[in-house]
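# A look at the structure
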Amino acid sequence: AKQMNSQAMISSLQELKDRLRLPRMPLRIECYDISNIQGDLAVGSMVVLEKGWPKPAHYRRFRIKTVAGVDDYAMIRETLKRRFKRGMMGESTWAVIPDLILIDGGKGHLATALGIRQELGMDSIPMASLAKENEDVFIPGESRPVDVPKDSPALHVLQRARDEAHRFAITYHQRLRRKEVVTSVLDNIPGIGPKRKKALLRKFSSIEAIKEASLEELSQTKGITSDLAKKVKEYL
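Throughout what follows, the structure given in this document is the object of discussion. Note that this is a predicted model, so its numbers are computed, not measured.

Moving on, we get to the pattern of salt bridges. By the definition in use, this model includes 16 salt bridges. The residue R19 makes a salt bridge to E15 at a minimum N-O spacing of 2.7 Å. Remark: E15 and R19 occur in helix 1 (residues 2-19); sequence separation between them is four residues, near one turn of the helix. The class of E15 is buried, set by a relative accessible area of 18%. The salt bridge partner of E164 is R167, with a shortest N-O separation of 2.9 Å.

Given below as structure tokens:
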């Protein structure tokens, strides 16, 4: 299907270039989404569309380090800063300069991203944002949304990027949460410190797997004696 659609895809990217007044066709789009569940475990996700198609090998996630509580703008700032600092250091895929950066959010989110762009001296990178409410698209220097019809292929490309960034952030979240739950269960077992906990999680990816493991399998884990294996069994 990809081959068949590639002509159509190029024309939607051309339309996107025209509607967003981009200097070149957006063959590489990076889309950023900030996701936090109840202000907990905040994550910035970056997904990449190349010629309109998702390129998962280039996706990146950022666990937000510097921001406490729910502050989307500060999180966007941190995510973009970390991404571009790595790019400046010339790290492999990080050094690739996108033709368009799409921010999930409204005018304020875009303004925040533009601030970072200026601070890092990367004004040549085009930016836009896509706000969920009415699927409004904002570009720098325009206070009103640009005209991108709801049924236009150009909007579909932006939506694909945004949905992908969203999905990517959520799945990471779920993984972190699962890990947190697993970790806290193991914390309650006497004799299981950080090192042993790590060893168990490395060998068995989930609490379910640890529960189902035999005593023999448990005691084959680094640092787990047969007495500890019994303890683990009792507690789970």
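Turning our attention to the nonpolar core. By size, the foremost hydrophobic cluster in this structure holds 26 residues, and its most contacted members are L16, L20, I29, L102, V137 and L158. Contributions of two or more residues to this core are made by helix 1, strand 1 (28-37), strand 2 (40-50), strand 5 (100-104), strand 6 (127-131) and helix 4 (153-187). Other than its neighbours up to four places away in sequence, L158 contacts L16, L20, L100, L102, L130 and V137. Counting residues in hydrophobic clusters, the runner-up holds 23 residues, among them V48, I101, A113 and F138.

Another point: the side chain of E164. Relative to the elements of secondary structure, E164 occurs in helix 4. In this view, E164 contacts V47, P54 and Y59; residues no more than four positions away in its chain are not counted.

So, on to unusual backbone geometry. Although it is not a glycine, R21 adopts a positive phi angle of roughly 55 degrees. Relative to the helices and strands, R21 is located in the loop between helix 1 and strand 1. Note on R21: relative accessible area 54%, which makes it exposed.

As a further point, take helix 5 (residues 194-203). Every buried residue belonging to helix 5 is among K197, A199 and L200, and all of these are buried. End-on view of helix 5: buried residues confined to an arc of 160 degrees, all on one side of the axis. Along helix 5, exposed side chains directed more than 90 degrees from the buried face belong to P194, K195, K198 and R202.

It is worth spelling out the packing of aromatic side chains at this point. By convention here, two paired aromatic rings are described through the distance between centres and the angle between planes. Enumeration according to the criterion identifies one aromatic pair in this entry. Relative to F168, the ring of Y59 lies with its centre 5.0 Å away and its plane at 75 degrees, an arrangement referred to as edge-to-face. A residue pair is termed long-range when its members are at least 10 positions apart, and Y59 in the loop between strand 3 (53-54) and strand 4 (60-63) and F168 in helix 4 qualify at 109 residues. Of the two residues, Y59 and F168, both sit in the buried class. Here the guanidinium or amino end of R61 rests over the ring plane of F168, the centre of that ring lying 3.6 Å away. Lying over the aromatic face of W53, R160 brings its terminal NZ or CZ to 5.7 Å of the ring centre.

Now for the side chain of S129. Structurally, S129 is set in strand 6. Polar side-chain contacts of S129 include one of 3.1 Å to the backbone oxygen of G106. Once residues within four sequence positions are removed from consideration, S129 is found in contact with L102, I103, G105, G106, K107, L110, D136, V137 and F138.

This part covers the pairing of strand 6. In terms of residue burial, strand 6 counts as a mostly covered element, since five of its five residues are buried. Both faces of strand 6 are covered, namely the face carrying M127, S129 and A131 and the face carrying A128 and L130. Here four bridges tie strand 5 to strand 6, and the two strands are oriented parallel to one another. Among the inter-strand pairings, L102 is bridged to a residue of strand 6, identified as A128. With helix 3 (residues 107-119) bridging strand 5 and the parallel strand 6, this β-α-β connection has right-handed handedness.

Rules and cut-offs
Residues numbered from 1 in each chain as written. Predicted model: local features only at pLDDT ≥ 70, side-chain atom pairs only at ≥ 80, totals over all residues. Heavy atoms only, no water. Salt bridge = Lys/Arg side-chain N within 4 Å of Asp/Glu carboxyl O. Helix = DSSP H or I, 4+ residues; strand = E, 2+ residues; numbered from the N terminus. Buried < 20%, exposed > 50% of the residue type's maximum accessible area, 1.4 Å probe, protein only. Core = buried A, V, L, I, M, F, W, Y, C linked by side-chain atoms within 4.5 Å. Contact = heavy atoms within 4.5 Å. Arc of directions from axis to C-beta. Phe/Tyr/Trp six-rings, centres within 6.5 Å; stacked < 30°, edge-to-face > 60°. Lys NZ or Arg CZ within 6 Å of the ring centre and 35° of its normal. Polar contact = N/O pair within 3.5 Å; in protein donor to acceptor, adjacent residues only side chain to side chain. Pairing = 2+ DSSP bridges. Right-handed = clockwise from strand over helix to strand, strands pointing away.

From the geometry alone we can't say anything about function, so treat these as descriptive.
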